[in-house]
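# Working through the structure, step by step
These are the residues of each chain, in order.
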Amino acid sequence: EMSGLEGLLSLRVLMLGKNRIRKIAGLQALFKLDVLDLHGNMIRDIENLDHLSHLRVLNLAGNDLTCVSNLRGLQALTELNLRRNRITHVYGVDELPNLQRLFLSHNLIQSFDDVACLSQCSFLTELTLDGTPLSNSPDHRLSVIFHIRHLKILDQRPITDEEKSEALAAAREEEERLKEMHRQAQMQEHKEVTIAAIKKAWEASHKTLGSAPPTVSTSPALPSTSTAPGH
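Residues numbered from 1 in each chain as written. Predicted model: local features only at pLDDT ≥ 70, side-chain atom pairs only at ≥ 80, totals over all residues. Heavy atoms only, no water.

Right, let's get into the pattern of salt bridges. Within the structure shown, the criterion is met by seven salt bridges. The closest approach of N and O atoms between Glu 126 and Arg 101, which form a salt bridge, is 3.0 Å. In this pair, Glu 126 is assigned in strand β8 (residues 126-128) and Arg 101 in strand β7 (residues 101-103), connecting sequence segments 25 residues apart. Close ionic contact of Arg 157 with Glu 163 constitutes a salt bridge, the shortest N to O distance being 3.7 Å. A relative accessible area of 47% means that Arg 157 is categorised as partly exposed. (Salt bridge = Lys/Arg side-chain N within 4 Å of Asp/Glu carboxyl O. Helix = DSSP H or I, 4+ residues; strand = E, 2+ residues; numbered from the N terminus. Buried < 20%, exposed > 50% of the residue type's maximum accessible area, 1.4 Å probe, protein only.)

Structure follows, in structure tokens:
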């Protein structure tokens, strides 16, 4: 439990790593906090941090987090360490206008869609995703580089100009592939609609023919034109 901090109004650095803390609390008076280290605890939710508008560094590595959210108030945050959690999705990181470094190694992130908000982080220059299912994809590095244009370091490796060019080329190729798939799908849909219309018209015409009553002549019978044999 986090308690007894109410009187520390000028506190700028708080280190509470490896203390079996389950809940972030008791920080209401620490408006001047600059660094908060809560690594190696048992925290499941990011909460009660909205008022820390001066916080620059937040370390929540090695906890029990499954989702990243509730970060909106951390307007000065430049570094966020979330390594070794059980995170599957990241939300709201794009609401951190000064975020430069984000560490997500060894989490349960499956695809870039799970962290799509990162593409809106204008100042993000360093990111780690190693040790996640996403990092097992052979093209994950190029995909991340393409989506996060300002990134300079990925998984502790500098991003080269060549990689940026490859990422752009791969993205264009994928865009063309998706366009072709869409065109083929539209053609198939048009074909199916046309076939369905022809089938409907064919069935309607045969139904009409099949239900029509037999034609009965209403003209009087004509006398026979055969000539009787003469007497």
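So, next bit.
Let us look at unusual backbone geometry. Positive phi, normally seen in glycine, also occurs at Lys 18, with a value near 55°. Inspection of the secondary structure puts Lys 18 in the loop between β1 (13-15) and β2 (35-37). Backbone geometry places His 106, a non-glycine residue, at a positive phi of 60°. Secondary-structure assignment places His 106 in the loop between β7 and β8.

Our focus in this paragraph is the side chain of Asn 85. You can see Asn 85 is positioned in the loop between β5 (79-81) and β6 (89-90). The class of Asn 85 is buried, set by a relative accessible area of 6%. Engagement of the side chain of Asn 85 in a polar contact is seen with the backbone oxygen of Leu 60, the distance being 3.1 Å. With near-sequence residues (within four places) excluded, Asn 85 lies in contact with Leu 60, Ala 61, Gly 62, Asn 63, Asp 64, Leu 65, His 106 and Asn 107. (Polar contact = N/O pair within 3.5 Å; in protein donor to acceptor, adjacent residues only side chain to side chain. Contact = heavy atoms within 4.5 Å.)

In this section: the confidence of the model for the protein. In this model, the protein carries a mean pLDDT of 89, and residues with pLDDT of at least 70 account for 89%. Of the regions scoring below 50 in pLDDT, residues 225-231 engages in zero contacts with residues more than four places distant in sequence or in other chains. (pLDDT = per-residue confidence, 0-100.)

The next point concerns the side chain of Asp 155. As for its position among the elements, Asp 155 is in the loop between β9 (153-154) and β10 (157-158). For the buried residue Asp 155, which engages in no salt bridge, the nearest side chain bearing the opposite charge is Arg 141, 4.9 Å off. A polar contact is formed between the side chain of Asp 155 and the backbone nitrogen of Asp 130, at a distance of 3.1 Å. Among the polar contacts made by the side chain of Asp 155, one reaches the side chain of His 140 at a distance of 3.4 Å. Every residue in contact with Asp 155, bar those within four places of it in the chain, is listed here: Leu 127, Thr 128, Leu 129, Asp 130 and His 140. (Lys, Arg positive; Asp, Glu negative; His and termini not counted.)

The pairing of strands in a sheet happens through backbone hydrogen bonds and is either parallel or antiparallel. Strand order in the open sheet made by the eight strands is β1-β2-β3-β5-β7-β8-β9-β10, with mixed pairing throughout. In this open sheet, the two strands that pair with only one neighbour each are β1 and β10. (Pairing = 2+ DSSP bridges.)

The biggest cluster of nonpolar side chains holds 48 residues, and the ones touching the most others in it are Leu 27, Leu 36, Val 93, Leu 102, Leu 104, Leu 118 and Leu 127. The contacts of Leu 127, once residues within four sequence positions are left out, are Leu 102, Leu 104, Leu 118, Val 144, Ile 148, Leu 151, Ile 153, Leu 154 and Asp 155. (Core = buried A, V, L, I, M, F, W, Y, C linked by side-chain atoms within 4.5 Å.)

Of the residues making up helix α1 (residues 140-147), those classed as buried are His 140, Arg 141, Val 144 and Ile 145. Along the long axis of α1, the arc covered by the buried residues comes to 130°, so they all point the same way. (Arc of directions from axis to C-beta.)

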